[in-house]
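Tertiary structure, described
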Amino acid sequence: MTLTFIIDILGTVAFTISGVLTAMRKGLDPFGILIIGFVTAVGGGTLRDVLIDANIAWMRDLTYLYVIIGSAVVAVVLRKKLSYVRRSLFLFDTIGIALYTVVGVEKGISAGFPPLICIALGTMSACFGGVLRDILCNEIPIIFRKEIYATACILGGIAYFLLLKTPLLVDWVVVISGAIVITVRLLAVTFNLSFPSIYNEDENVKL
Amino acid sequence: MTLTFIIDILGTVAFTISGVLTAMRKGLDPFGILIIGFVTAVGGGTLRDVLIDANIAWMRDLTYLYVIIGSAVVAVVLRKKLSYVRRSLFLFDTIGIALYTVVGVEKGISAGFPPLICIALGTMSACFGGVLRDILCNEIPIIFRKEIYATACILGGIAYFLLLKTPLLVDWVVVISGAIVITVRLLAVTFNLSFPSIYNEDENVKL
Amino acid sequence: MTLTFIIDILGTVAFTISGVLTAMRKGLDPFGILIIGFVTAVGGGTLRDVLIDANIAWMRDLTYLYVIIGSAVVAVVLRKKLSYVRRSLFLFDTIGIALYTVVGVEKGISAGFPPLICIALGTMSACFGGVLRDILCNEIPIIFRKEIYATACILGGIAYFLLLKTPLLVDWVVVISGAIVITVRLLAVTFNLSFPSIYNEDENVKL
């Protein structure tokens, strides 16, 4: 069992819970909740595996499906406990994108793609599940809201390749780049940081 | 010509008509209607074939495209007749998901996947066309509305594998599981059945 | 460097700019703008390559990513200049669908598909990037708005195959069919042409 596999499973847990929380908030029935949890969890990895033309992870290994069903049940049972954790949806979503960014980058490297492609791949696989979740639940896609989101993934991906050039062991590179994604997003939301919008009202640009 | 192929074509007809009815209601022009009918009909099967890494059915066999164009023309010509059938959109959509669930499960089995994956595959291929139709037509995705929808597909998929263990011929297993999907959805909508929402307003859960 | 590759790159430029303009209008931050530009540019081609089971162009050739990043930077820097071009979003989107229709048709032919499939492929790959852009930016998908859009791609695709039967060189067939897509869309919008909606309010059709 490799570190990448463990991280992939942890990301699956985090995204399943984020999907379940969104679906419960929308008042979906138990099967609807399970399906949104499933789609959120497998969306990014499926896109990644289709793009690199690899076997789709959750279709080849039932572990993923068991983990998704288990996480969904636990999230539903513990929903009151989860509600004490303020911004629990935000937390699980953030953990999810951090873990999937790293897994996406690693799978891209294994498949022989250059760094720039791997960073794009990590970012897309991290963000796609959450985008699907939001579209299916009729929310504004999270990637569009004015927070640093995909940016955190891109920075984590860049960090991965910079750290690879240091004498650090790969396992540490993995852990640190994931931590960077989480830290960037936590800092951005905590201190309400965001890049300035390029579009300037005063310029009266009529696009 | 196998039973699976016949069911696939009938599902294509049903989904094309459901797409055409949605597009007409939205006031699209003839080409827009054709495209929505096409996307609704091929969406689920394309997702299924990409996931199991098979040749995409409609790209390898022009029958699908002829059937889609023919069904779209007939649906437009008979639109007044169709309007006499109350809830015709509901009916064709329900027939579509029933047929595509069975086809999805069967293609999953042929490709050597375990039952749980086949059920997920059948459900996704049944629901994806309708989700695309609704997103493109700016409707709330049907899977999100508070009716039993994907649940009917999951139950049909489970029934398929249970019936396989009986001495029934496979053709009967196919027909009965498809009928179960239709029956579950018809009963659910007729009697306004739905699973209770897990989210309880009284609990005052702030997710 | 083939004509198809050049057209593909020009289409990438046009779609990147259309994505950047939409994202800037929505007030996204610089990374969000880059991502929407990227998704708009690669969306259609990725769908096309997945459908014909070919290597995904932008993942095999870094040229695409460099062109996307470069175009996005230029579009942001020149945003005031672009705003002088009335309906610049409309223009770049139109150029994009014209070029991608032709590339899609050509790649379909190379992969050995029959004309009808190639036309569907060209139309889908031309429209998909813009649909993704609009969904992510929470706009009504452009394909749904009451203008001739996908229709222009279908007509361009039909023209391609009709022109192939003339003694014209293939390069001219490519250029003329692309010009037809642009012309049809320009004429449609300029003269407010559209196909009549089939759904007639007077018929009081209750679908």
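Below or above, wherever it landed, is the structure these notes cover. These figures come from a predicted structure and were not determined experimentally.

1. Re the overall build of chain A
Secondary structure assignment for chain A yields nine helices and zero strands. Listing the helices and strands of chain A from first to last along the sequence gives α-α-α-α-α-α-α-α-α. A sequence separation of at least 24 residues applies to 73% of the contacts in chain A between residues at least 6 apart. Working note: accessible area of chain A is about 8700 Å², and carbon and sulfur atoms make up 66% of it.

2. Some words on the packing of helix H6 (residues 88-110) of chain B against helix H8 (residues 150-164) of chain B
Residues and elements named next belong to chain B. Contact pair H6 / H8: the axes reach a minimum separation of 10 Å and the direction vectors enclose 50 degrees. The orientation of H6 with respect to H8, classified from their angle, is oblique. Our pair here, H6 against H8, has a crossing hand that is right-handed. Note on element contacts: H8 touches H6 through Cys153, Gly157, Tyr160, Phe161 and Leu164, opposite Ile97, Thr101, Val102, Val105, Glu106 and Ile109.

3. Focus on the packing of helix H2 (residues 30-51) of chain C against helix H4 (residues 63-77) of chain C
All names here are of chain C. Direction vectors running N to C along H2 and H4 enclose 130 degrees, while the axes themselves pass 10 Å from each other. The angle between H2 and H4 falls in the class oblique. Helix-helix and strand crossings are classified by hand; for H2 and H4 the assignment is right-handed. Mapping the contact onto sequence places Ile33, Leu34, Gly37, Phe38, Ala41 and Val42 in H2 and Leu65, Ile68, Ile69, Ala72 and Val76 in H4.

4. Structural notes on the pattern of salt bridges
Residue and element names in this part refer to chain B. Counted according to the given criterion, the structure contains nine salt bridges over all chains. Where Arg133 meets Asp134, a salt bridge forms, and the shortest distance between an N and an O atom there is 3.1 Å. By relative accessible area, Arg133 is classed as buried at 2%.

5. Some remarks on the side chain of Thr123 of chain A
With respect to the helices and strands, the residue Thr123 of chain A is situated in helix H7 (residues 115-136). Under the relative-accessibility criterion, Thr123 of chain A is labelled buried at 7%.

6. Remarks on the packing of aromatic side chains
Residue and element names in this part refer to chain B. In total, this model carries 12 aromatic pairs over all chains according to the counting rule given. Ring geometry for Tyr160 and Phe161: centres 5.7 Å apart, planes at 70 degrees, overall edge-to-face. Per residue, the accessibility class of Tyr160 equals that of Phe161, and both read buried.

Analysis parameters
Residues numbered from 1 in each chain as written. Chains lettered and ligands numbered in written order. Predicted model: local features only at pLDDT ≥ 70, side-chain atom pairs only at ≥ 80, totals over all residues. Heavy atoms only, no water. Helix = DSSP H or I, 4+ residues; strand = E, 2+ residues; numbered from the N terminus. Contact = heavy atoms within 4.5 Å. Areas by Shrake-Rupley, 256 points an atom, 1.4 Å probe, with all protein chains shown as cover. Axes fitted to C-alpha atoms, helices over the stretch in contact; angles between N-to-C directions. Parallel < 35°, antiparallel > 145°, perpendicular 65-115°, else oblique. Left-handed = near helix turned anticlockwise from the far one by under 90°. Salt bridge = Lys/Arg side-chain N within 4 Å of Asp/Glu carboxyl O. Buried < 20%, exposed > 50% of the residue type's maximum accessible area, 1.4 Å probe, protein only. Phe/Tyr/Trp six-rings, centres within 6.5 Å; stacked < 30°, edge-to-face > 60°.

Keep in mind these numbers describe shape, not what the thing actually does.
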